[in-house]
Amino acid sequence: MNSRKKSEMLFESAQRRIPGGVDSPVRAFRSVGGNPYFVDRGAGSRIWDADGNAYIDYVLSWGPLILGHAHPRVVEALREAAGRGTSYGAPTAAETELAELVQDAFPSMELLRFVNSGTEATMSAIRVARGFTGRNLIVKFEGCYHGHADGLLVKAGSGGATLGIPDSAGVPEDYARNTITLPYNDPRALEELFLREGKNIAAVILEPVGGNMGLVLPDDSFIEMVRRATKGSNALLIFDEVMTGFRVGHGGAQKLFGIQPDLTTLGKVIGGGMPVGAYGGRREVMEVVAPLGPVYQAGTLSGNPLAMAAGIETLRVVKEEGLPEALEARGKQLEEGMADAAREAGVPAYGVRLGSMFCTFFQEGPVRNFEDAKRSDTDRYGKFFHAMLERGVSLAPSQFEVGFLSSAHTEADIEATVRAAREAFATL
Ligand SMILES: *Cc1c(COP(=O)(O)O)cnc(C)c1O
């Protein structure tokens, strides 16, 4: 077994100064047991921990790094930008350039604004939807995560699911009352709600492909109903594509399904590993945003020149290399290899993959919503996770997260991963 002595020491001292020793809860390994590795550096498909152990990385900063770690062109763009200053608080041409690259893939975002995280993007999109419609109610789906803004931290999957906290303490009931949650993939429940409350609903927000309860694909009838119901009641449809944007396809889930939302939120890939989010949509809706309209939203570091530089270079390479579509063969190789490995070991497993996102539920499946996802054997997942880590493969430290591929992952990386998985499944 790899020594992780230095990581253990670093975690000890981190815990004395930072809650749980981490700046984002799932990093603490609570749901899989044990203590986290501390990262020293990353390159391509690999990360190295503080003790010098190497791992093939499928966390990839939870999705952003579609080009892998420290892509030379992204690093060079950052160096060049840093030499000209790190922030001005005044507009730069880089913001328009990144906006163009985003709009090229997401034409529904006629006007868009950059913020510093996915959380800020969804929080702002909700405010815009309420400002535009003059209504208060927001509809979200169980197991969909939209960042940690108060009104969206209700039945929010991933971190909350991992820790068994359905709703966060510190969110006033008055606030959560304006958020209605429904089961994912249940068009009937949505239709019934709209019959009752349609004229009071400002927006429906959803992950058009669920990525924070493990990976859950939507039925066509569900996505169509979401669009039909919102349109019929003059409520807005918000696609939260913070994870799926440039991941399930170049134009995100909206291109894949041929459905136009009114507003879209992005993050992760568009920042190339720097803190960036974006929200945007129909021109007439986005014109309510200050300084054009009455909905206030601002940011000292929004459109930051380093973040824009990393995003621009990332999206240029993404386009040149035909990503994420070009990752299909690798994704298939991994999906089939993992399924075979589980079958050989006689471990019940239900694999789901879309483009460069994948997930193995430790159960027979199918998994169509959060209730289904929760039937997975999370103890078994934890054991599998650690068995993979010992064999040099880093997966997400929770059953309710997905894995990501990058263009740096080679065929040999996938072969090594499947070999490790064969051994890891056999230990269960
Ligand atoms: C990650 C994520 C967010 C939150 O983004 P942060 O940058 O972590 O604030 C919002 N929505 C979805 C779908 C996400 O996957």
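These numbers come from a predicted model, not from an experiment.

### Details of the overall build of the protein chain
- Looking only at helices and strands, one finds 15 helices and 14 strands in the protein chain.
- A compact globule built from 428 residues should have a C-alpha radius of gyration of about 22 Å, and the protein chain, at 21 Å, falls within 12% of that.
- With respect to the three principal axes, the spread of C-alpha positions in the protein chain is 60 × 55 × 45 Å.
- Residues counted as buried form 55% of the 428 residues belonging to the protein chain.

### Examining the sheet that holds strand 12 (residues 357-361)
- A sheet is described by the order of its strands in space; here three strands give the open sequence 11-12-14, paired in antiparallel fashion. Edge positions in the open sheet fall to strand 11 (350-354) and strand 14 (403-404), since each of these has one partner strand only.
- As paired elements, strand 12 and strand 14 share two bridges and run antiparallel to each other. Across the sheet, residue F358 finds its bridge partner in strand 14, namely G403.
- The strands that helix 12 (residues 328-345) touches are strand 11 and strand 12; relative to strand 11, the one it contacts most, it runs at about 180°.

### Considerations on empty space enclosed by the protein
- Per the stated rule, a full pass over the model turns up one cavity of 30 Å³ or more.
- Put simply, the largest cavity is a space of about 110 Å³.
- What lines the largest cavity is M338, F358, C359, T360, Y381, F384, L395, A396, Q399, E401, V402 and G403.
- At the level of elements, strand 12 and helix 14 (378-390) are the ones that each hand at least two residues to the lining of the largest cavity.
- A per-element tally of the lining of the largest cavity places strand 12 first, with three residues.
- A per-class count over the lining of the largest cavity returns eight nonpolar, three polar and one charged.

### Focus: the layout of surface pockets
- Roughly 530 Å³ of volume is contained in the second largest pocket.
- In terms of lining, the second largest pocket is formed by 24 residues, of which the most central are P91, E95, R113, S302 and G303.
- Looking at side-chain class alone, the lining of the second largest pocket contains 10 nonpolar, 11 polar and three charged residues.

### Considerations on the nonpolar core
- The biggest cluster of nonpolar side chains holds 56 residues, and the ones touching the most others in it are Y58, F114, I270 and F384.
- Split by domain, the residues of this core number at least three in each of domain 1 (5-66 + 324-426) and domain 2 (72-320).
- In contact with F114, not counting residues within four places along its chain, are E95, L98, A99, I270, V276, G277, A278, S302, G303 and M308.
- Among the nonpolar cores identified, the runner-up in size contains 42 residues, and A189, F222, I259 and F370 belong to it.

### Structural notes on unusual backbone geometry
- The step from L323 to P324 runs through a cis peptide bond, and the omega angle for that step is 0°.
- Along the polypeptide, P324 turns up in the loop between helix 11 (305-320) and helix 12.
- Here G365 and P366 are connected by a cis peptide whose omega angle stands at -5°.
- By secondary structure assignment, the location of P366 is in the loop between strand 12 and helix 13 (370-373).
- Even without a glycine there, the phi angle at N185 is positive, about 65°.
- Counting through the fold element by element, N185 comes out in the loop between strand 6 (179-182) and helix 7 (187-197).
- Judged by relative accessible area, N185 falls into the buried class, the value being 5%.
- In this structure, F246 takes a positive phi of about 60° despite not being glycine.

### Quick look at the side chain of T133
- Following the sequence through the fold, T133 ends up in helix 4 (residues 118-133).
- A distance of 2.7 Å separates a polar side-chain atom of T133 from the backbone oxygen of A129.
- Here R135 takes part through its backbone nitrogen, which lies 3.2 Å from a polar atom of the side chain of T133.

Criteria and thresholds
- Residues numbered from 1 in each chain as written.
- Predicted model: local features only at pLDDT ≥ 70, side-chain atom pairs only at ≥ 80, totals over all residues.
- Heavy atoms only, no water.
- Helix = DSSP H or I, 4+ residues; strand = E, 2+ residues; numbered from the N terminus.
- Rg over C-alpha atoms; globule rule 2.2 N^0.38 Å.
- Buried < 20%, exposed > 50% of the residue type's maximum accessible area, 1.4 Å probe, protein only.
- Pairing = 2+ DSSP bridges.
- Contact = heavy atoms within 4.5 Å.
- Axes fitted to C-alpha atoms, helices over the stretch in contact; angles between N-to-C directions.
- 1 Å grid on protein atoms, 1.4 Å probe; cavity = no way out; pocket = protein on both sides within 12 Å on 5 of 7 lines; lining within 4 Å.
- Points joined across faces, edges and corners; volume = space filled by probe spheres on them.
- Nonpolar A, V, L, I, M, F, W, Y, C, P; charged D, E, K, R; others polar.
- Core = buried A, V, L, I, M, F, W, Y, C linked by side-chain atoms within 4.5 Å.
- Domains from an automatic or database assignment.
- Polar contact = N/O pair within 3.5 Å; in protein donor to acceptor, adjacent residues only side chain to side chain.

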